[in-house]
Structures are given as C-alpha cells and as structure tokens.
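This is what each chain is made of:
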Amino acid sequence: MKQPDHIQVRKRKQRSQAFAFVSFGVISFAIVAILIVILSFILYNGFRVISWDFITKMPEDGMTKGGIYPAIIGTLYLVAGSMLFAFPIGVMSGIYINEYAKDGFLKRFIQMMTNNLAGVPSIVFGLFGMSLFVNKLKFGDSILAGSLTLGLLALPVVIRTTEEALKAIDNSFRIGSLALGASKWQTTRRVVMPMAFPNVVTGLILSIGRVSGETAPILFTVAAYFLPKLPHSIFDKVMALPYHLYVISTSGTNIEASRGMAYGTALVLIMLVLIANLLANALRRYLGKKVKMN
Amino acid sequence: MGKRLTKFTERVIESTLMVSGTFTSVIVLLIILFLFSEGAGLFNQTPMEKGYVVAVNTANPVSTLSPAEFKNVYDAKIKTWKSLGGTGDSIKVFRVDDIAGYYTEEQIGSNFEHLGACISELVAKTPNIIAFFPREYADKDFKGKVISLKKITIGSFISDREWFPTAQPVAQFGVLSLILGTLWVSLAAILFALPLGLATAIYLAEIADSRVRNILKPLIELLAGIPSVVYGFFGLIVIVPLIKNIFHLDVGETALAGSIVLGIMALPTIITVSEDALRNTPRAMKEASLALGATKWQTIYKVSIPYSASGITAGAILGIGRAIGETMAVLMCTGNSAIIPHSLLQPVRTIPATIAAELGEAAQGGLHYKALFALGCILFIITFVINLTVEFISSKRRGGSHQ
C-alpha cells in the first residue's frame, strides 16, 4: 500500500536530518580524536625520555644528551619578564576601557587598535622587537628585549580578559557604591576589581601559557642556540624551550640522535600549557567561591 | 581641603589609566613606523654588489637593465640583445675572472696593473659584450659604456618572481612566489578546516547535549593553546613522512603538509567563533520555525545558519588571518623553496617563514635586512586588512541584532 504523501515527506526529512546529525557528530569526534592523537603521541614519546636529570641538567654532546635545564630557566625568566610588563599595563588599560572611557570615538579607536594588535602575526612582533629593542634602544639580544617583545604580544590578551571580567559585573554594584558616596576609583578598587579578580587572574595564567610557547618573537630578540650556563643579568641571552625544540628538530648537529630530546622538550612545553589551563580553571572556581561567600 | 585632594588623586588615577588605555594604539603606530621606515629603505636602491659596475660596448643602445634581466643574462636564460631592446644577437657574457681567456698573464701584468686597460679594450672591441667587474677599473680612460641597473620599486618588488636575496652579482628581491606560496598554503588550510570546523560548531551549538558539549568544548579550546612549534614538530615527525609515503615523493615537506598542520591549528578559531555566532540566533526564531513544522535540521540550515552567516564569515576570515601569519609550523613543514607552486605536493615558502629563516643571517641595515622588513610590511598590511574586515562584519552584526 502506498503511503500518503505527507508521511513520505516527513520520512525523507527525518532521514536527511538523521544523516546530517550523525555526520556532524562523527566529524566533531574525529576532530577531538585528532587532538587526542597529537597529545598522546607527544605524551607517550615524551614520557619515555623525561626524567629528573632531563629537567635539571645541562645539554650535552651537541644537544643529543643531558637535559634542558637552561631552556626551562630561560623560558621562566621570559614569562616572568613579559608578565611584569604586560600585566599592569594590560589591567589598567582594561579598567580604562570598561570603567572610565565614555562611548565614542576614542573608546572605539582603542578597542579597534587592541583587536588589531591581537591579530598582528607573531613574526611581525619579532621584527618590531628586533628593530626597536635590540637595535634602536641597544638592549642587544637580551632577556629584556625578549620579555618586552613577548609582553607586547600578551598585552591584548590581558586587556581583553580584564575587559570581559569587568563587563560581567552587574552595574547595580557600581551604582550602589557611588550612591553611598564612594568616588569612581574607590568603587573600581574596592567593589568592582575584587569581584572581577578571579577572571582577571585566569586570563593572566592563560596568557602565561601562550607566551611560554611563542617562538617567532624570540628568534631575533633573545633566543640562544646553545648556551650551557644560566643568565646573570637581564642583558644576557638565554635558551628557551620553544626555540630549543625548533632547533633540535630541524637544524641540530645530529637530528636523529636528538629526537628523544625533542620529544622531551615538546612534552615539557605541552605540560606548561596544560598546567596553566588546569590551574586557571581551578583558580577560577576557588576564587569564584570565595568572592561569593564574602 | 581633603575633598579637593581626593578629587586631585582621582584625576591623576584617571589620567594614568587613560595613558595605559592608549598604549596599544601607540604600539600599533610604532610597529607601523618601524616596519615601514626599515622596509622603505629597500626601494630606490639598486641590488648590485657594492663596488661593481656593468658595462657594454658604446654602440649598444641598451642603457639600463632590470635586476631580473641582468640575472637572466648571466644565467644564460636571455641570450640575445634583441629581447632586451637592443640590436644584435647573442650576448657575450664577461666576468672579471674570464679575463684569462682573452689576455695572457703578461698582458694583464703580474700585479694586474693593466687589467683595467685590458677590460676597456675588450669591451671597446666586442660589440655584443656585457661585462661585470669592479668599479675601480672603470676609470676615466674606460672606452665602454657603463650601464645602470634599474632601481627596486614597489611594483618590481611585488611582481618579480625571483627571491634570491644573497645572489651575486645582483640580488633578486621579487616576492610574488612568496605571496603566492603564503596564499596557497593558507587557502588550502581553510578549505580543509572550514567545512570540518563549521560542522563541529553546528554540532556543538545545536545538536550535542550539554554533557557531550562540556567535554568536547574544553578539549577544543586546549587545541588552541598548544604552541605552534609543537604543531610544527608533530607535522615534521608524523605528517611529513606520511605524505612522502602516500604520494611517493622524494621529500615530504610540501605545501600540503603545511596546509594540514595549519588547518588543524585554525580549527579552534573557526569552531569557537562560529559556535558563538550560532548560539546568538534568537530562540524565538528557532521556535517559530519548529512550530511551523520544520525539522530541527531544516531549522538549522534555513534559520540558524543564515542568521549567523556574518559571524561564521568572520570566523573563517579570522582563521585565514591566523594561517597567513603563522610562522613556526609552516617553517618546519613546507620545505621552504622559493618557487611558484604548481601543486600542493611541491615545497613552498611563505612570507613569515622567509623572515624567520633569513633575518638571522641578514646584515643589519643591508638590502636583504630591509627586504625582510618590507616582507613584514606586506604581512602586516594583509593581517590589518583582515582584522578591519572582521571588525566591520561583526560591528554590522551587532548593529543588526538591535532591530
């Protein structure tokens, strides 16, 4: 018996819906599977190499043996330096945009420029850092020049997270504080900032994750190919994890022999990002609770 | 008194905040200033090795050559004067080292004291010669015609195909192959990432239930956090050999390898932005569609997708921008040969990879150094335009949703 038309149409619709939904689901899980493959590939090969010596010893034998201690220390210095620079300026900038700037040309312009800075390719930051900090200001290839370059790169991230964090706070808190006679700065400092703090810190930690993995900006501003000693001042060169990984996987003296070191370095880099992510989430939850209780 | 003081502090604080607020704008302007002032130094220069000249016979009507023509003459790709606008056929190429083929050691002199005279005589008596030699020999008595090399212009910089920044005697600064290489790799990456990313965004925004979404979303965000050098490393170790074996190539470092790695890297951007856009579809619109008897899938592609089209476009453009500017992964996976690619299975070289690979070796202030900054300018302009486009699209969207 032939089914009525509308039932056939409905069946066809349902078939195409089922087909679409299943294929989208498959694609989504495939993409996540790619991620898991990449992660587990590096985790598996990395954990076979990594040891206490690996993270506390100097590189040896043309970077085919030993550890990556100076690269870890170098990256820590660079992250600390860039955050010392980007965090205060970024947070103040975010406060200005969200709390002080009036809607109008200036605010729109600043937001546009911040977005543009966020979209500038990292190699262009490298070029800029080299011509301004290394050559013009004569810092040379140094921790100072590298940190400032990385700081500029992190700046839009810090500004944006601060802005988002402040935007999420209900306006009634500000109005209430102002109505009690507090000044604008008092309101910002005592009422708004403490509430926004968890999200601001989360943003800071996430930008640490990003900065620690950047290679292109440090290529010409600080990174040393091989330097088996620790820096003494901010005008010294350092080794850094991402550059170290690049060097030993492409142009080391013996690429095959340093493969293990490369896996280990990649693992340490990924762990930094993973830890930053986990820490950020945990902190957001913990601090979020505390703020609510108060 | 106290009140006035607070007011004063308030003003100071507000000004300080405002100064930090304008900091990013200042940095963008400084980037433009530094990049463009260094890059501009390339133009109106001749890429001839310092202290050398090119000379022809006085009867030869040719008086200028472009760097590309010069190189082709010396590489024997241009063989006749006719094709350069002169008369006469075969070009006779002469380098200063060739002098021994024309004159005996005695005639040149043991300390090369007669070398200048010899070159002069040779150029004077050979009508189809082109000679390249140190400037010191082209003195007052020189009987040939010194011709000039065309200067590098913005036009020649962009349209010349050859990028040999350290070639001697004449360096070649043509970025067409680099620009095309960058576009090839980025567009191929997006072609591969956009459908997959969009499908995932639709799945996450409309289909998946919240439990699945809460697992998938953070994982995808994590994908965005992995450093590009790690992606490059993964591409180098896994994808490059895979491509080499699948297509039976001599080298696996190809445009395709770079595109796949870039595509994986662009996925999180595309997914996040598109998903946000899809989620902004008003619930009332979707419910109206469902109430009219449309299936969920019909509602998605007839209501949600058209409504969020501008947001999805913004995501795709942003993804392209990321791909164009990406340095390390491309540097490690594409093979870096500066040729105009004819297929995805050839090695290519992109603009960022060129800067990263060559800046370390370029002498500060030299033409090569300036050319790399000019490349940086091109990159900056491309990404700047992309950012402004995204800004324009999303501001239009914001305006539209108020209606």
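Residues numbered from 1 in each chain as written. Chains lettered and ligands numbered in written order. Predicted model: local features only at pLDDT ≥ 70, side-chain atom pairs only at ≥ 80, totals over all residues. Heavy atoms only, no water.

Draft legend 1. Structural detail: the overall build of chain B. Helix and strand content of chain B: 16 helices and 7 strands. Computed over the C-alpha atoms, the radius of gyration of chain B is 30 Å, more than 25% above the 22 Å expected from 2.2 N^0.38 for a compact globule of 403 residues. For chain B, the spread of C-alpha atoms along the three principal axes comes to 100 × 80 × 40 Å. The buried share of chain B, reckoned over its 403 residues, is 50%. Within chain B, counting contacts between residues at least 6 apart in sequence, those at least 24 apart form 69% of the total. Accessible area of chain B: about 18800 Å², with a carbon and sulfur share of 59%. Taking the average place of the 34 positive charges on the side chains of chain B and the average place of its 30 negative ones, the gap between the two points comes to 12 Å. (Helix = DSSP H or I, 4+ residues; strand = E, 2+ residues; numbered from the N terminus. Rg over C-alpha atoms; globule rule 2.2 N^0.38 Å. Buried < 20%, exposed > 50% of the residue type's maximum accessible area, 1.4 Å probe, protein only. Contact = heavy atoms within 4.5 Å. Areas by Shrake-Rupley, 256 points an atom, 1.4 Å probe, with all protein chains shown as cover. Lys, Arg positive; Asp, Glu negative; His and termini not counted. Charge placed at Lys NZ, Arg CZ, Asp CG, Glu CD.)

Draft legend 2. Quick peek at the packing of aromatic side chains. Evaluation of the coordinates by the stated rule reveals 18 aromatic pairs over all chains. For the pair A:Phe41 and B:Phe234, a centre-to-centre distance of 5.6 Å together with 80 degrees between the ring planes defines the contact as edge-to-face. Here the residue A:Phe41 occupies a position in helix H1 (residues 5–49), and B:Phe234 occupies one in helix H9 (residues 228–246), the pair thus bridging two chains. For B:Phe234, a relative accessible area of 6% corresponds to the buried category. Between the aromatic rings of A:Phe105 and A:Phe109, the centroid separation amounts to 5.7 Å while the plane-to-plane angle is 25 degrees, which identifies the pairing as stacked. Taken together, the residues A:Phe105 and A:Phe109, both in helix H4 (residues 105–119) and 4 residues apart, mark about one turn of the helix. (Phe/Tyr/Trp six-rings, centres within 6.5 Å; stacked < 30°, edge-to-face > 60°.)

Read these as spatial facts, not as claims about activity.
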